[in-house]
Amino acid sequence: MSQLRIINANISTPTGTTARKGADMAVLSHIENGGIVIEDGIISFVGPMSDMPEAPAGCEVIDAKGHAVLPGFVDSHTHLIFGGYRPDEFEWRLKGDSYMSIMERGGGIQSTVNATRGETTEALVEKAQWFIDRMSEMGVTTVEAKSGYGLETGTELKMLDAIDTLADRPDQKLRVVSTFLGAHAVPKEYKGRTSEYVDLMIREMIPAAKGKARFFDIFTEKNVFEIEDSRRLLNAAREAGFELKLHADEIVTLGGAELAAEVGAVSADHLLHVSDEGVRRMAERGVVATLLPLTAFALREPFAPARKFIDANAAVALATDLNPGSCFSGSIPLTIALACIYMGMTIEETITALTLNGAAAVGLAAETGSIETGKSGDIVILNFDTYRSLPYYVGMNCVRTVISRGRVVTENK
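Residues numbered from 1 in each chain as written. Predicted model: local features only at pLDDT ≥ 70, side-chain atom pairs only at ≥ 80, totals over all residues. Heavy atoms only, no water.

(A) Examining the pattern of salt bridges more closely. All told, the structure shown has 23 salt bridges when counted by the stated rule. Its salt-bridge partner being Glu-228, residue Arg-231 comes within 2.8 Å of it at the nearest N-O pair. In this pair, Arg-231 and Glu-228 are both assigned in helix H7 (residues 227–239), three residues apart and thus about one turn of the helix distant. Residue Arg-231 is classed as partly exposed on the basis of its relative accessible area of 23%. Ionic pairing is found between Arg-307 and Glu-349, a salt bridge with its closest N-O pair at 2.9 Å. One end of the pair, Arg-307, is in helix H11 (residues 306–311); the other, Glu-349, is in helix H13 (residues 347–354), and 42 residues separate them in sequence. (Salt bridge = Lys/Arg side-chain N within 4 Å of Asp/Glu carboxyl O. Helix = DSSP H or I, 4+ residues; strand = E, 2+ residues; numbered from the N terminus. Buried < 20%, exposed > 50% of the residue type's maximum accessible area, 1.4 Å probe, protein only.)

In structure tokens:
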């Protein structure tokens, strides 16, 4: 049995096996001069040093004296698998072009679709691994990865195969959760025939992706997949055994949040233009509100109303939305800074949103997201003695050591 021990630690963590809601998001458990024992990847002890069991000979010991210790971060919304890049579109946006106008002129998602269709699985895997390595440096121990740049069966399956390959690598630095996003956009070959593409997805793509991803996601948006088409696809995906997610109310107020509540989605994401009724219904149904401040920042859009969700007793998660177009960033430090400075979230709420609630958004809150016995040994040790350094060291990485499933995977000097 392998054992890793962390001693002299200043531990802070949310607790529980479900998402923390409302005011409870601000409640962290603190242990000063604490210890953690991880056996075969699972936490077997967490508590005061005075209560730690005797160490067996030869076990690995990390002295965290003077360092804050947190659960590993969960990035619960990324588009990690893609071909090509789109720096030209970034410049177009700086000149005032909107996200939807770029899509209408042949850029946007379709541009990445064209590049991704021409890539091999191996090339997609190696490109994504580079991003995973950077994520680990910032303390991420679980990441969600979406397909969605194929928009036809073969390429969507190729992307899901790439995600599966990454997840199964024996030396992988973090846990990878797979989401099927064939409803990311209407491909050019179906322009003006959205209902026919929806029929294709229901008839062919959803059955083909069954068993290859845990979640089904959809871009519910005006002039993309509107409410009735979204409802058809979500119901078909649920019948096929997928758990559900939505890109909802990002560009306009369409009712995506209400639909997420109706179909019992695990999360609804973006939510920049969510209605008050959508907030209320998501809170009532326990749908996690996954907010993506980096995207709002990059698009110069108003930030999602985090405080409305928290005050309505909803569960809020935070994620990066790493993608090659609207948000070419996976920065956890900047996500934390934006949440605290511009979205009105306390640092305690932000930590919960990036740990336990992020885990809940990918269906893993019983397995990770907090430092508790029986959970995965996913731990972040900071360079500072307090977690308050996270937003204070604005946009900068203050992660020192990352432990994933009981194994030290990253040491930042």
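(B) Representation of the sheet that holds strand S6 (residues 73–75). Strand order in the open sheet formed by eight strands is S6-S7-S8-S9-S10-S11-S12-S13, and the pairing between neighbours is parallel. Only two strands of the sheet have a single neighbouring strand rather than two, namely S6 and strand S13 (316–318). In this sheet, neighbouring strand axes are inclined to one another by 25 degrees on average, regardless of whether the strands run parallel or antiparallel. Sheet topology places S6 next to strand S7 (residues 140–146); three bridges connect them, and they run parallel. Directly across from Asp-75, in S7, lies its bridge partner Val-143. The sheet contacts of helix H6 (residues 194–209) involve strand S8 (175–183) and strand S9 (215–220), and relative to S8 the element is tilted by about 155 degrees. (Pairing = 2+ DSSP bridges. Axes fitted to C-alpha atoms, helices over the stretch in contact; angles between N-to-C directions. Contact = heavy atoms within 4.5 Å.)

(C) H6, seen in detail. For H6, the principal kink sits at Met-201 and spans about 45 degrees. Within the sequence span of H6, burial applies to Tyr-197, Val-198, Leu-200, Met-201, Met-205, Ile-206 and Ala-209. At its buried positions, H6 is contacted by helix H5 (153–168), S8, S9 and H7. Phi turns positive, to about 85 degrees, at Gly-211, one or two residues after H6. (Bend = angle between axes of the 7 residues up to and from the residue.)

(D) Inspection of the packing of H5 against H6 at higher detail. Contact pair H5 / H6: the axes reach a minimum separation of 10 Å and the direction vectors enclose 15 degrees. Relative to H6, the element H5 is oriented roughly parallel. Classified by chirality, the crossing of H6 by H5 is right-handed. Here H5 contributes Thr-153, Glu-156, Leu-157 and Leu-160 to the contact with H6, which in turn contributes Glu-204, Met-205, Ala-208 and Ala-209. Residue composition of the contact of H5 with H6, by class: five nonpolar, one polar and two charged. (Parallel < 35°, antiparallel > 145°, perpendicular 65-115°, else oblique. Left-handed = near helix turned anticlockwise from the far one by under 90°. Nonpolar A, V, L, I, M, F, W, Y, C, P; charged D, E, K, R; others polar.)

(E) A look at a nonpolar patch on the surface. Together, Ile-341, Tyr-342 and Val-394 make up an exposed nonpolar region whose accessible area comes to about 330 Å². Relative to the assigned elements, Tyr-342 resides in the loop between helix H12 (332–341) and H13. (Patch = residues over 30% accessible without salt bridge, like charges linked within 9 Å, V, L, I, M, F, W, Y side chains within 5 Å. Areas by Shrake-Rupley, 256 points an atom, 1.4 Å probe, with all protein chains shown as cover.)

(F) Molecular detail of the packing of aromatic side chains. Applying the stated criterion across every chain, the model contains 12 aromatic pairs. Their ring planes at 75 degrees and their centres at 6.0 Å tell us that Phe-131 and Phe-328 sit as a pair that is edge-to-face. Pair noted here: Phe-131 is in helix H4 (residues 121–137) and Phe-328 is in the loop between S13 and H12, with a separation of 197 residues, a long-range link. The interplanar angle of 15 degrees and the centroid separation of 5.7 Å between the aromatic rings of Phe-303 and Tyr-342 together place this pair among those described as stacked. With Phe-303 in the loop between helix H10 (293–299) and H11 and Tyr-342 in the loop between H12 and H13, this residue pair connects regions lying 39 residues apart in the sequence. Residue classification places Phe-303 among the partly exposed residues on the basis of a relative accessible area of 23%. In textbook terms, an aromatic cluster arises when at least three aromatic residues are bridged by ring pairs, as seen for Phe-82, Tyr-85, Trp-130, Phe-131 and Phe-328. The cationic tip of Lys-245 hangs over the ring face of Phe-215; the distance from NZ or CZ to the ring centre is 4.9 Å. (Phe/Tyr/Trp six-rings, centres within 6.5 Å; stacked < 30°, edge-to-face > 60°. Lys NZ or Arg CZ within 6 Å of the ring centre and 35° of its normal.)

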